Amino acid sequence: MIIETKLTRKAAMLRSPLLSNPLGRIGAEFRPVTLCRRIRTGAVRVRAEAYVQSLDDANQVFHKAQTEEDKALAYSQIMEYRAHRRRVFNFKDWRRHRSQSRYLHHIQTLRESGVIRNVARPVLTVAAMSLVVAFYNHLFIVQPPWLPAWLPSPPTMAIEPIQLTTIALSLLLVFRTNASYARWEEGRRAFGAITTVCRDLARQIYAWFPDTPEGKTSKEVASRWLIALAKSSMVHLRDEHELRRELAGGLNDHELDALDASDNRPMYCLQLLSHVFAMNKLPKHYIVCMDENVHKIVIAINACERILGTPIPLSYTRHTARFLLAWLFCIPFTLWPYAGWAMVPLAALVSFVLLGIEEIGIFLEEPFSVLSLEHLCRSCEDCIRSMHSGDSKIVEQLKSVGVSH
């Protein structure tokens, strides 16, 4: 999908494809007014392929942008588009998801499907091959006078081998998709555990740290680093984010430099938090409870790194893809005696269905580019900031009724 923004004049901007495709509409909603009013010749082209495009790949396209301002605009548009596709459902979304008109909605949004974009090339290849086979068979049926006599007769294939291997292909695709979904589910639970335990640690910090100037400072420092822990975990699991951009306003420059220089940023945050807990000289049973939560985060981070670093065995993925393509290329030679010219759309339809299933398995295999980690981090940050702003009020309220540490 291509974003093309022509800023030469207002009329050209209104006719731009930026406003006629989903990615452009999202980018237009978030574009600053000052950027919209600029008058600049040329065009900024950004290719955002699917959801997992790395910043290294994006930088190869950003050279089209002439200024840093254009690059920032293109980056923000890609980020907003990805955040939109990694949406979190609300009640309205669930009603539409269960509505009777969902079939029509899914058909209307075919052009926006990432699966269709990714399988379009092999599907068109199978369809073109089917068209060639159908035309070749048709020539031998019509027998035009210009047909050379030396041409061999059209090759045919019995349908029984296709029928016998269908079960094996179906099992391969099902096992592949199930394994990918299991990885997606484990990734969702592991990263969800990071943000959930961060909230629990914030609760313990604001409840157990002493209500002294030193304790209040420790609360503020710990809350900032808990937010940094969640966001640095997201950056650690993706290659499309910039650490300083994500943590801007949360940590100062010195803290950002130290965090950015570490080899494992989430573990650096945990190590710093452990020191903060130890320096406040809390009772031993408090330290034990907080250390258990830190241990849970370590396990969750390790699970995320394991999912990211170890794909489904490559031999399984390669064999499934090779088997599927060989099976699809045999389809045209078996369907012609049964369907005639109708085999061309039938072969395209069958290839779309099977390649789509295989593509979904590939898509879910690496879950962190699919999951809405931004929403989880933002929700965790809002919760911690709410605790920080309301802690003093809660303490004063309890003191007013005679309850204190």
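Check the entry above for the structure.
Since the model is a prediction, treat every value here as computed from it, not as a measurement. Every chain is numbered on its own, with residues counted from 1 as its sequence reads. Owing to the predicted nature of the model, reporting of local features is limited to residues with pLDDT of at least 70; listing and counting of side-chain atom pairs is limited to 80 or more, with chain, interface and lining totals taken over all residues. In computing side-chain properties, one takes all heavy atoms of the structure into account and sets aside hydrogens as well as water.

### Some points on unusual backbone geometry
Only a minority of non-glycine residues have a phi that is not negative, and only a minority of peptide bonds are not trans. Backbone geometry at Gln-143 places phi at a positive 55 degrees, although glycine is not the residue there. With a 1.4 Å probe rolled over the protein chains alone, any residue whose accessible area is under 20% of its type maximum counts as buried; one over 50% counts as exposed, and the rest are partly exposed. The class of Gln-143 is partly exposed, set by a relative accessible area of 47%.

### Examining the pattern of salt bridges
The term salt bridge refers to a side-chain nitrogen of Lys or Arg lying within 4 Å of a carboxyl oxygen of Asp or Glu. Per the counting criterion, the structure on display carries 18 salt bridges. Notably, a salt bridge pairs Arg-176 with Glu-365, separated by 2.8 Å at the nearest N-O pair. Here Arg-176, found in helix α9 (residues 160-208), pairs with Glu-365, found in helix α16 (residues 343-365); they are 189 residues apart in sequence, far enough to count as distant. Taken together, the salt bridges that share partners define one network made up of Arg-244, Asp-257, Asp-260 and Arg-265. Comment: elements are numbered from the N terminus, with helices defined as DSSP H or I runs of at least four residues and strands as E runs of at least two.

### Thoughts on helix α12 (residues 253-261)
Glu-255, Leu-256 and Leu-259 are the residues of α12 that are buried. In an axial view of α12, the angular spread of the buried residues amounts to 100 degrees, which keeps them on one side of the axis. Residues of α12 that are exposed and angled more than 90 degrees away from the buried face: Asp-253, His-254 and Ala-261. Here a residue-residue contact requires only that any non-hydrogen atoms of the pair lie within 4.5 Å. Buried-residue contacts for α12 involve α10 (213-237), α11 (243-246) and α13 (265-279). Pairing of N or O atoms within 3.5 Å defines a polar contact, subject to two protein rules: one partner must be a possible hydrogen donor and the other a possible acceptor, and residues neighboring in sequence count only if both atoms are side-chain atoms. By the N-cap criterion, in which a side-chain oxygen at the helix start approaches the backbone nitrogen of a residue two or three places on, α12 is capped by Asn-252, the distance to His-254 being 3.2 Å. The directions from the helix axis to the C-beta atoms form the arc being described.

### Examining the environment of Val-88
With respect to the secondary-structure elements, Val-88 resides in the loop between α5 (68-85) and α6 (91-98). A relative accessible area of 39% places Val-88 in the partly exposed class. Val-88 sits 285 residues away from Leu-373 along the chain, and the two C-alpha atoms are 9.9 Å apart. The residues touching Val-88, leaving out its near neighbours within four places in the chain, are Asp-93, Ser-372 and His-375.

### Considerations on helix α14 (residues 284-309)
Multiplying one less than the number of residues by 1.5 Å gives the expected span of a helix. Taking 1.5 Å per residue as the helical rise, α14 with its 26 residues ought to reach 38 Å, and the 37 Å between its terminal C-alpha atoms agrees with that figure. All of the buried residues along α14 are Met-290, Asn-293, Val-294, Ile-297, Ala-300, Ile-301, Ala-303, Cys-304 and Ile-307. Looking at the packing, one finds that the buried side of α14 touches α9, α10 and α13.

### Some words on the nonpolar core
We define a nonpolar core as any set of buried Ala, Val, Leu, Ile, Met, Phe, Trp, Tyr and Cys residues linked to one another through side-chain atoms lying within 4.5 Å. In terms of nonpolar packing, the biggest core is built from 48 residues, with Phe-191, Ile-194, Leu-201, Leu-226, Leu-229, Phe-277 and Ile-297 touching the most fellow members. Sorting the residues of this core by element identifies α9, α10, α12, α13, α14 and α17 (373-400) as the ones contributing at least two each. Leave out the neighbours within four places in its chain, and Phe-191 touches Ala-230, Ser-233, Met-234, Leu-237, Cys-304, Leu-373, Leu-376 and Cys-377.

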